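Coordinate inspection notes
Now for the letters of each chain:
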Amino acid sequence: MHDATIAHLAQSLKDRKVSSKELTKHFLDRISRLDTGLNSFITVCEEEALAQADSADERLATGDVTPLTGIPIAHKDIFCTEGVKTSCGSRILDNFISPYDATVVAKLKAAGAVMLGKTNMDEFAMGSSNETSFYGVVHNPWDTTRVPGGSSGGSAAAVAAQLVSGATGTDTGGSIRQPAALTGITGLKPTYGRVSRYGMVAFASSLDQAGTLTRTAEDSALMLQVMAGADERDSTSLPATVPDFSKAQKSAWENITIGVPDNFFDDSLDTKNAQLVKEALSVFEKLGARIKDIHLKHIHLSVPVYYVVAPAEASSNLSRFDGVRFGHRAEHAENLTELYMKTRGEGFGSEVKRRILTGTYVLSAGYYDAYYLQAQKVRQLISQDFAEAFKTVDVIAGPTTPTPAFRIGQKTDDPIQMYLNDMYTIGAPLAGLPALSMPCGFINNLPVGLQLIGPHLSEEKLFKAGYYYQQETDWHNFVPSGYEA
Ligand code: GLN
């Protein structure tokens, strides 16, 4: 059962070949047997999941269903879940039980999805390797001495090891696509505003976007269908109508032009990785797509721009964690200032502190113009380059990451090396664009990803390209050894 896609399971549930209760029990059993070596879950909600499965089965009996009814999923622990711990991977929220559901959680619940638990993540979604979590490192199921990528590494590892059929994630600078690539699954970061951010713990509000981690692009479309849409509780959510993604995805193939930026094939890219991405492009050529060389003039500045803008927004967003209203509170503080200092000193890990320091610095009176304002200007140029490119191409393709998964501990002492892992994923969120990562091959038994970036609100195009690519290839069907049975 665990090897089936969401699309497949939805059909089996509908045909009453399997019940949601059976499925839920099966996956809960896998989590208890197999997750000790991965650490992909922070919280497993056995009781709640079985109760939700019962309601899903009742609903399935009436026929009033969605493709997600009865499907076991997991949420990244950044989404507020009513009555269930929402830690965001941080000690400061270790005792936080959310009193309400995030919009994404509420929508998936209303569709009848069964929540198995909350997945591990880098603290406050800051990281590229899932090594900054208060709850410990997440291991990559393809090689447990290696990282799964971050920050949605728990969701990615759980889907790759088939401990759950699909999971939510968030992407600020690559946190869905990068772990998807390093664990051999499909990850979608939607257009900024396509999915509500209400109830998602804020990291960098102008970049954060919720999306999906699934085995296939077909499953991603099914999940996004439920998650997407305007929300009056998030003023940055887009009032755009939500198309029928599955229908669009499977419509007849039309020839597209794929832009391939030379910038994405620079010296940082592993040569075998480059070759696999080129082979993926030839699959599209066989389908009839036209490949066009392009150049994105300012994209090489995306990492420095991001590491000014994101910490600036984080330093402001994270000021709410003060030990007064919720979360961890330090003991024995003599006065208010000491309470803040002790609480934040104890509650935040070192990467989060580094971001708060950087962010506060770039926003400070003397440096605002030199760093923050300048970064915003360059961000605008990066967006304009994409807009210009999309005048002549339908999608832009390249690698998702420069290399396959690296070893746990390999980059933890060098933040700059860590940040450079995001060099191909950061451009899309800076410009608010949707992007999809799909498995396109292996290097020494480690998966790598192909990334497709589209214009604003072009998820249909990305899903369609993903669906047709996965009809032609079977990289998405490989399962890490030890997790098949
Ligand atoms: N790796 C990037 C960072 O550390 C991106 C994280 C994300 O997308 N949440 O900020």
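The paragraphs below set out a description of the structure included in this document. What you see is a predicted model; the values in this text were computed from it and never measured.

Moving on, we come to the overall build of the protein chain. Helices and strands together make up the secondary structure of the protein chain, namely 16 helices and 11 strands. Against the 2.2 N^0.38 benchmark of 23 Å for 485 residues, the protein chain shows a C-alpha radius of gyration of 21 Å, consistent with a compact globule. Every one of the 485 residues in the protein chain was classed for burial, and the buried ones make up 63%. Expressed as a percentage of contacts within the protein chain between residues at least 6 apart in sequence, the contacts between residues at least 24 apart total 76%. Carbon and sulfur atoms make up 51% of the accessible area of the protein chain, which totals about 18000 Å². Across the protein chain, 44 positive and 55 negative side-chain charges occur, with their mean positions spaced 2 Å apart.

Right, let's talk about a nonpolar patch on the surface for a bit. Taken together, V324, L336, Y340 and M341 make up a surface patch of nonpolar side chains, about 380 Å² in accessible area. Here Y340 lies in helix α11 (residues 336-347).

Our next topic: the sheet that holds strand β8 (residues 290-294). With respect to topology, 11 strands assemble into an open sheet ordered β1-β3-β2-β4-β6-β5-β10-β11-β9-β7-β8, the strand pairing being mixed. Across the chains shown, the open sheet's two edge strands, defined by having one partner strand only, are β1 (41-44) and β8. Put simply, the sheet's adjacent strands are angled 30 degrees from each other on average, direction ignored. Along the sheet, helix α9 (residues 271-287) makes contact with β7 (257-261), β8, β9 (395-399), β10 (435-443) and β11 (446-453), crossing β10 at roughly 115 degrees.

As a matter of local geometry, the ligand sits amid 15 residues, with G173, S175, Y306, R355 and D422 nearest to it. Between G127 and the ligand, the recorded distance is 2.9 Å, taken from a backbone N or O atom to an oxygen atom. G173 has a polar backbone atom sitting 2.6 Å from an oxygen atom of the ligand. Protein contacts shield 99% of the accessible area of the ligand, which totals 290 Å² for the unbound molecule. Looking at the shell around the ligand, its residues break down into five nonpolar, seven polar and three charged.

With that out of the way, let us pick up the environment of Y361. Tracing the sequence through the fold places Y361 in helix α12 (residues 350-363). By relative accessible area, Y361 is classed as partly exposed at 39%. In sequence terms Y361 and P311 are 50 residues apart; their C-alpha atoms lie 9.5 Å from each other. Residues in contact with Y361, not counting those within four places in the same chain, are Y367 and Y371.

Attention shifts here to helix α5 (residues 153-160). Two residues of an α-helix separated by three or four positions point the same way, owing to the 3.6 residues in each turn. In terms of residue burial, α5 counts as a mostly covered element, since eight of its eight residues are buried. Within the span of α5, buried status applies to G153, G154, S155, A156, A157, A158, V159 and A160. Elements in contact with the buried residues of α5: β1, β2 (72-76), β3 (114-119), β4 (166-171), α6 (177-183) and β6 (209-214). Positive phi appears at Q162, one or two residues downstream of α5, with a value of about 60 degrees.

The geometry of helix α10 (residues 302-317) relative to helix α13 (residues 368-389) is characterised by a closest axis approach of 9 Å and an angle of 125 degrees between their N-to-C directions. In terms of axis orientation, α10 runs oblique to α13. The hand of the α10/α13 crossing is left-handed. Residues S302, V305, V308, V309, A312 and E313 of α10 touch α13, and the partners they reach there are Y371, Y372, A375, Q376, V378, R379 and I382.

Here the focus is the pairing of β6. Among the six residues that make up β6, six are buried, leaving the element largely enclosed by the rest of the structure. Summarising the sheet, β4 and β6 pair through six bridges and their orientation is antiparallel. Each residue of the ladder has a partner; that of G166, found in β6, is T214. The sheet contact formed by strand β5 (residues 186-189) and β6 spans three bridges and is antiparallel. Paired with G187 across the bridge in β6 is L213.

Within the secondary structure, L462 is located in helix α16 (residues 459-472). Residue class for L462 comes out buried when judged on its relative accessible area of 0%. Once the C-alpha coordinates of L462 and K21 are considered, the two residues, 441 residues apart in sequence, prove to be 33 Å apart. Every residue in contact with L462, bar those within four places of it in the chain, is listed here: L188, V395, P434, A435, L436, L452, I453 and G454.

With that settled, consider the side chain of E351. In this structure, E351 sits in helix α12. Only 2.4 Å separates the side chain of E351 from the side chain of R354, close enough to count as a polar contact.

We now examine the packing of aromatic side chains. Enumeration over the complete set of coordinates arrives at 23 aromatic pairs. Measuring from centroid to centroid gives 5.4 Å for Y100 and Y198, while their planes differ by 45 degrees, and the two rings are tilted. Of the two residues, Y100 sits in the loop between β2 and α4 (103-110) while Y198 sits in the loop between β5 and β6, which places them 98 residues apart along the sequence. Relative to F321, the ring of F124 has its centre 5.0 Å away and its plane inclined at 55 degrees; by these criteria the two rings are tilted. Placement of the pair is F124 in the loop between β3 and α5 and F321 in the loop between α10 and α11, with a sequence separation of 197 residues. Side by side, F124 and F321 carry an identical accessibility label, which is buried. Three or more aromatic residues link up through ring pairs in this structure, and these residues are F96, F124, F321, F326 and F348. Note that K278 overlies the ring of F265, its terminal NZ or CZ placed 4.3 Å from the centroid. The ring of F406 carries K411 above its face, with NZ or CZ at 4.4 Å from the centroid.

What counts and how
- Residues numbered from 1 in each chain as written.
- Predicted model: local features only at pLDDT ≥ 70, side-chain atom pairs only at ≥ 80, totals over all residues.
- Heavy atoms only, no water.
- Helix = DSSP H or I, 4+ residues; strand = E, 2+ residues; numbered from the N terminus.
- Rg over C-alpha atoms; globule rule 2.2 N^0.38 Å.
- Buried < 20%, exposed > 50% of the residue type's maximum accessible area, 1.4 Å probe, protein only.
- Contact = heavy atoms within 4.5 Å.
- Areas by Shrake-Rupley, 256 points an atom, 1.4 Å probe, with all protein chains shown as cover.
- Lys, Arg positive; Asp, Glu negative; His and termini not counted.
- Charge placed at Lys NZ, Arg CZ, Asp CG, Glu CD.
- Patch = residues over 30% accessible without salt bridge, like charges linked within 9 Å, V, L, I, M, F, W, Y side chains within 5 Å.
- Salt bridge = Lys/Arg side-chain N within 4 Å of Asp/Glu carboxyl O.
- Pairing = 2+ DSSP bridges.
- Axes fitted to C-alpha atoms, helices over the stretch in contact; angles between N-to-C directions.
- Near = heavy atom within 4 Å.
- Polar contact = N/O pair within 3.5 Å; in protein donor to acceptor, adjacent residues only side chain to side chain.
- Nonpolar A, V, L, I, M, F, W, Y, C, P; charged D, E, K, R; others polar.
- Parallel < 35°, antiparallel > 145°, perpendicular 65-115°, else oblique.
- Left-handed = near helix turned anticlockwise from the far one by under 90°.
- Phe/Tyr/Trp six-rings, centres within 6.5 Å; stacked < 30°, edge-to-face > 60°.
- Lys NZ or Arg CZ within 6 Å of the ring centre and 35° of its normal.

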